[in-house]
Amino acid sequence: MLLAETVQSYIAAGLACVYLQVTGDGQHFYATIVSEAFTGKRRIQQHQLVYQILGERMRAEIHALSMQTYTPAEWLATQAQAI
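Nothing here was measured: the structure is a model prediction, and the numbers come from that model.

Calculation notes
Residues numbered from 1 in each chain as written. Predicted model: local features only at pLDDT ≥ 70, side-chain atom pairs only at ≥ 80, totals over all residues. Heavy atoms only, no water. Pairing = 2+ DSSP bridges. Helix = DSSP H or I, 4+ residues; strand = E, 2+ residues; numbered from the N terminus. Buried < 20%, exposed > 50% of the residue type's maximum accessible area, 1.4 Å probe, protein only. Salt bridge = Lys/Arg side-chain N within 4 Å of Asp/Glu carboxyl O.

Peer 1: Is there a simple way to think about the pairing of strand β1 (residues 19-24) in this case?
Peer 2: Remark: a regular strand shows side chains that alternate across the two faces of the sheet. Taken together, the 6 bridges between β1 and strand β2 (residues 28-34) define a ladder with antiparallel strand orientation. The residue bridging G24 from the neighbouring strand is F29, located in β2. Counting the residues that bridge the hairpin from β1 to β2 gives 3 residues, and of these G26 lies at a positive phi of roughly 105°.

Structure below.
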């Protein structure tokens, strides 16, 4: 069974993240990813970047990945609204 921490390490190895959290049950994972690399990209392009980093692991190891992606500015705005 694949651990959420392992998926998190895969993403962190390929993408400089300001914040990264992955949770899951071994097959289905949920990720919150904040990266400067997302700046200027549409949401679909951000997700494609993460899928590209995970590569073959998306077919072989990870059954499903749901993600929320943010630029650092978007993340700060989201956190300010939560207060």
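The rest of the description comes next.
Peer 1: Before we go on, may I ask you to explain the environment of A12 in this structure?
Peer 2: Take A12: it is sitting in helix α1 (residues 4-14). Its relative accessible area of 44% is what places A12 among the partly exposed residues. Taking the C-alpha atoms as reference, A12 lies 20 Å from M1; in sequence the two are 11 residues apart.

Peer 1: Please explain the pattern of salt bridges as it appears in this structure.
Peer 2: Two side chains that carry opposite charge are able to pair once their charged atoms sit near each other. One pass over the full model with this rule turns up 3 salt bridges. Close ionic contact of R43 with E74 constitutes a salt bridge, the shortest N to O distance being 3.6 Å. With R43 in helix α2 (residues 43-54) and E74 in helix α4 (residues 72-82), the pair connects residues that are 31 residues apart, well separated along the chain. Given the relative accessible area of 30%, E74 is considered partly exposed. Where R59 meets E56, a salt bridge forms, and the shortest distance between an N and an O atom there is 2.7 Å.

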